Amino acid sequence: METLNAILGGFAVAAQPMNLFFVFLGAVMGTVIGMLPGIGPAAGIALLLPVTFGMEPVSALIMLAGIYYGAMYGNTASAILINTPGTASAAMTTVDGYPLAKSGRGGAALAIAAIASFIAGTMGIIILSLLAVPFATFALRFGPAEYFMLMAFSLTAVSALTGKSPAKGAISAVLGLMVASIGIDLQSGQARFTMGIPEFLDGVGLLVVIVGLFAVGECLRNVEKWFEGTLQPIPIRGKLWFTRDEWNRSVGPITRGGLIGFAVGVLPGAGGTIATILAYATEQKLSKRPEKFGTGAVEGVAAPEAANNGSTCGAFVPLLTLGVPGSGVTAVLLGAFIMYGIQPGPMLFQNRPDLVWGLINSMYIGNIMLLVLNLPMIPLFAKMLYAPPGVLLAIILGIASVGIYSVGGSTTSLYVLIFFGAAGYLFRRLEIPAPPLILALVLGGIMEQSFRQAMTISGGNPKVFVGSTICIILLAMIVVAVVMPLLMSRLRALPGRVAARSGSG
Amino acid sequence: MKVIQGLAAALAAALLGAPAAIAAGYPERPVEMVVAGNAGGGLDLTGRALETALRESKLFPQNFVIKNVGGAGGNVARSQVHQKKGDSHMLYVESNRIYVNRIVGTTQLTHNDVTPIGRLITEYVAWVVRADSPYKSPKDILDALKKNPEAVTFGVGTVPSNDQMNILRPVMASGIDPKKIKVVSFKSGGDLMIQLLGGHIPVISTGLSEAIEQVKAGKARVIAVSAPNPLPGDLAKVPTWRSLGIDVAILHWRGLFAPPGIPKEVVAYWDKALGQMVKTDAWKQQLEKHGWFDAYADSATFKKDLDAEEKIYAEILSDLGMAKGLKK
Amino acid sequence: MADRWLAGFVLALSGVYLFATSRLPSLEIGDPLGPKAFPFLIGGLGCITAAWLFVESLHRRPGTPAGEQPAARHHLPAVIAVMAWMFVFYFLIERLGFLLSCALFLAGLTAYFNRGRWLMNAAVYLGFPVGVYLAFTQILGISLPRGVLPF
């Protein structure tokens, strides 16, 4: 009963006109921040922190949270339309979103993404309200060994992304691992492969790699196409909205994607990008037409978009229930709490129910606002593709440059951008798929560190990787993920062989 | 957005108007405060607390422009400050990375390449165990380590760090080989606390303020703290290393620096201004709010302490083979 | 053929990477595996994938083109020129300021790739930098280099 009162009280807080205004403001700014490659939600919130001084803590937190989930709506548009994820967690959206746009179904992809974001976001908030505490317990069960197994399982998704040549997919992944190993090694504090560039001590920025490989690489390839005369504006085919069939195929991915996103979002350190990878790979494995993935399957947009919105809600679980941040964004929010004089901790739900529930409930309102805000923009965005290719090319390079500059605030990252742009161009010419590189880059660091953490704790005993229920479940999932495709291809080949044998006999 | 900015501007104008310059000619214009960490982090909070306290106590007639320059463990910020030789209108907030980074060889610059202005605040590092842990005292752990140095695994945020020193120094003082001790790094303080609460690691060495809410909620216990003297208030019961007969005290401080080659008068100006500020209620409120402790040291003392700390760090890290920057 | 070159390149890169790994310092402390174990593994995997690709390229039937048509090779100078133009932009961004350098960058690109449509191009290379500059500095509160301009 008390909880119910607290929840209702939270709605009263969230519905105050002033707070409605701040939800709106946060949602709008989040959309803008998400759309521009470069400044992600964590940096965006950090930059806005000083401005929130003097505001009511609740209002400020409502606005900052709005930026967080708003960015997950915004990051979609550039991913689908110009193959440039606005934030790292939209990288998976480009895999099918951009082919859809190129085939004239950009409007449908955008609409599915917006709806998926809304449904998964709302689902996530409901789970957050009802099951925050059990999920926090779940997060606590993930030690280094469990993380390693989770990352190993995520790596099996590479096979979902390889395209025509498995060897080239593997090369792409290995290159990603190499890039991931640049920077200071966490366990020993030693710098590795930094080549004397101080910025590399923190590792190579994920976003520079993504924007370089995808956006700049695509532009450079388009320069060639321009000379070949094959670079044409893309016409819209069919209706702007998604079709009934497209919707039916997306419902499952949205629901599963939202749930996967939430669960992964709860885990500290895993984050939105890994959530999208897992959601995508799951859908590809479940799909009746897996071969369509990567060539413009609407499910391939719905699943990761749902996952990254689910993960934002999940990320609030450790922050609100345990008082510890589970992601870059919530770490900044934790700093905000302290600045406002609120001690986040395990007692937060008891001590400040008005604040917690006000914040959570404002997210329902924010999601509705974001849907209303984003849907009308779809025709506008879709028309962007009509722009003359020469202009589009210039603008994409402009956006990519300003976005990357704004993250690092130094020109070093821009020169790195040119490097990865050149790599992206070569990848296209040599038909090497880029997504495995991104996946390996995201997973590589955590995989290595969690493996070494686990081995140190266990005193070098590898049994630690089967030492818990979660580990064993993950191991089983890895086996299934690796063996299933092989088995399936055998089964498919079987009738043919039987026929051949009976024919000869 | 405009609305907020307007509000903030009005607020700032109302609060900043009054006092005239204390020393002739300085400060002439707003001072840029370079914070070597991202917004919301410990260094940033320190910079902003300093700004707030100076503003509220009206001890500084100009305002500050805070610029967050995280990146490369503070090396980016340091080289920016280093290049502004003689610029009195720039300040710089940093922690002990000011000398640690050169020892491990990620930069050439140390506190000798900038001007130390004053140590502002400190936190203390603590050994934290789960509430249901069998370890009641750090002695239990140290005794176990004496028998087998690999018996207990420690968790820290990063290495090298004060978190790590807070393990190695008591261990060395107890006659145990520090090279054999198992220390695992978890990237951020948040991950570290979850690993402890989840029971994946038996003891962590982390900032006291990060553990305090978990202690209040009955989920964790602090069994030792790196403070030189017993802490005030509720924390008086927590043993310090010295009270346990181990001569170790670690200040996890944050301090203020300026570019190299600034006039002596400006350093003297800040000695006076900060000396006054640390006595104000405005400053004490900031300490209270963030759970920090007063550790003010003026420019001369600060410099001396930095040299002494650097020596201890250099010795230990050389021992461990981590002092890559010193071999050259 | 291109695939065999690629395999050779990956092999060479893995070699360099392994060499760099061998030069990493070892530590007395930390975990038993140390900072070198994973990089060695990665370098080893690199060699294996290179071999894999080589084998794959042998199995490909002759006549099936690997990669796209080689006709496009003539345009490589244009690609390099665009990268050089990006470099010029980045070199000038902190010297001239964002507004001027970005306008110059876009003016150059549109003048070439969208030839003849002066009005539209002017709208792009004037409108985009100003719009972005205002959005970043006024709405998001992120400073972009001012350079030689007074605002």
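### Considering the overall build of chain A
In step 1: Each helix and strand counted, chain A has 20 helices and 2 strands in total.
In step 2: Against the globule reference of 23 Å for 505 residues, chain A gives a C-alpha radius of gyration of 23 Å, in line with a compact fold.
In step 3: Along the first, second and third principal axes, the C-alpha atoms of chain A reach 75 × 60 × 55 Å.

### Observations concerning the environment of A:A400
All names here are of chain A.
In step 1: Assignment of secondary structure puts A400 in helix α17 (residues 389-408).
In step 2: Taking the C-alpha atoms as reference points, A400 and L371, 29 residues apart in sequence, are found 26 Å from one another.
In step 3: Sequence-distant contacts of A400, that is, excluding residues within four places in its chain, are made with P37, T84, V211, A215, V216 and L417.

### Some details on the packing of helix α4 (residues 57-82) of chain A against helix α6 (residues 106-140) of chain A
Residue and element names in this part refer to chain A.
In step 1: Running from N to C, α4 and α6 cross one another at 160°; their axes reach a closest spacing of 10 Å. By the angle class used here, α4 and α6 are roughly antiparallel. For the crossing formed where α4 meets α6, the hand is right-handed. Seen from α4, the contacting residues are Y69, M72, Y73, T76, A77, I80 and L81; seen from α6, they are G106, A109, L110, A113, A114, S117 and G121.
In step 2: Residue composition of the contact of α4 with α6, grouped by class: 10 nonpolar, 4 polar and no charged.

### Remarks on the domain arrangement of chain B
Residues and elements named next belong to chain B.
In step 1: Domain annotation for chain B reports domain 1 (2-121 + 253-327) and domain 2 (125-244).
In step 2: Centre-to-centre separation of domain 1 and domain 2, based on C-alpha positions: 28 Å.
In step 3: Listed per partner, the contact involves 10 residues of domain 1 and 8 residues of domain 2.
In step 4: When residues of the side of domain 1 that touches domain 2 are traced back to their parent elements, those giving at least two are α4 (97-104) and α11 (299-320).
In step 5: Grouping the constituent residues of the side of domain 1 that touches domain 2 by class yields 6 nonpolar, 3 polar and 1 charged.

### Points about the sheet that holds strand β7 (residues 182-185) of chain B
In step 1: Strands sit in the order β7-β6-β8-β5-β9 (chain B) across an open sheet of 5 strands; the sheet is mixed. The open sheet has two edge strands, β7 and β9 (220-225) of chain B, and neither has a second partner. Strand after strand, the sheet turns through a mean of 30° between neighbouring axes, direction not considered.
In step 2: Along the sheet, helix α19 (residues 435-457) of chain A makes contact with β6 (153-156) and β7 of chain B, crossing β7(B) at roughly 155°.
In step 3: In this fold helix α6 (residues 162-173) of chain B packs onto β5 (125-130), β6, β7 and β8 (203-207) of chain B, with an angle of close to 130° to the strand it touches most, β8(B).

### Brief notes about the interface of chain A and chain C
In step 1: Across the boundary between the two partners, chain A contributes 55 residues, which contact 53 residues of chain C.
In step 2: Broken down by secondary-structure element, the contributors of at least two residues to the side of chain A that touches chain C are α2 (17-35), α3 (41-48), α8 (166-180), α9 (206-228), α17, α18 (412-430) and α19 of chain A.
In step 3: Top element by residues in the side of chain A that touches chain C is α17(A). It accounts for 11 residues.

### As for unusual backbone geometry
In step 1: Cis peptide bonds are those with omega within 30 degrees of zero, and the linkage from B:V159 to B:P160 qualifies with -10°.
In step 2: Topologically, B:P160 is positioned in the loop between β6 and α6.
In step 3: Look at A:F193: it is not a glycine, yet its phi comes out positive at around 50°.
In step 4: Position of A:F193 relative to the elements: it lies in the loop between β2 (191-192) and α9.
In step 5: Note on A:F193: 16 C-beta atoms within 10 Å, which makes it partly exposed.

### Quick look at the pairing of strand β3 (residues 90-94) of chain B
Residue and element names in this part refer to chain B.
In step 1: Of all 5 residues that make up β3, 5 are buried, and the element is covered over most of its length.
In step 2: The pairing of strand β1 (residues 31-35) with β3 spans 4 bridges and is classified as parallel. Paired with V35 across the strands is V93, a residue of β3.

### Some points on the environment of B:L59
Residue and element names in this part refer to chain B.
In step 1: Positionally, L59 belongs in the loop between α2 (42-56) and β2 (64-68).
In step 2: Since 19 C-beta atoms lie within 10 Å of it, L59 is described here as partly exposed.
In step 3: Those residues in contact with L59 that sit more than four places away from it in its chain are L54, A273, Q276 and M277.

### Thoughts on the pairing of β2(B)
Residue and element names in this part refer to chain B.
In step 1: Pairing geometry for β1 and β2, over 5 bridges, is parallel. Bridge pairing in β2 places E32 opposite V65.
In step 2: Taking the sense of rotation as the criterion, the β-α-β connection linking β1, α2 and β2 turns out right-handed.

### Concerning the environment of B:F186
Residue and element names in this part refer to chain B.
In step 1: Looking at the secondary structure, you find F186 in the loop between β7 and α7 (189-197).
In step 2: In this structure the C-alpha to C-alpha distance between F186 and G157, which are 29 residues apart in sequence, comes to 5.0 Å.
In step 3: Setting aside its immediate chain neighbours within four residues, F186 contacts G155, G157, D191, L192 and Q195.

Cut-offs and rules
- Residues numbered from 1 in each chain as written.
- Chains lettered and ligands numbered in written order.
- Predicted model: local features only at pLDDT ≥ 70, side-chain atom pairs only at ≥ 80, totals over all residues.
- Helix = DSSP H or I, 4+ residues; strand = E, 2+ residues; numbered from the N terminus.
- Rg over C-alpha atoms; globule rule 2.2 N^0.38 Å.
- Contact = placed C-beta atoms within 7 Å.
- Axes fitted to C-alpha atoms, helices over the stretch in contact; angles between N-to-C directions.
- Parallel < 35°, antiparallel > 145°, perpendicular 65-115°, else oblique.
- Left-handed = near helix turned anticlockwise from the far one by under 90°.
- Nonpolar A, V, L, I, M, F, W, Y, C, P; charged D, E, K, R; others polar.
- Domains from an automatic or database assignment.
- Pairing = 2+ DSSP bridges.
- Buried ≥ 20, exposed ≤ 12 C-beta atoms within 10 Å, placed from the backbone.
- Right-handed = clockwise from strand over helix to strand, strands pointing away.

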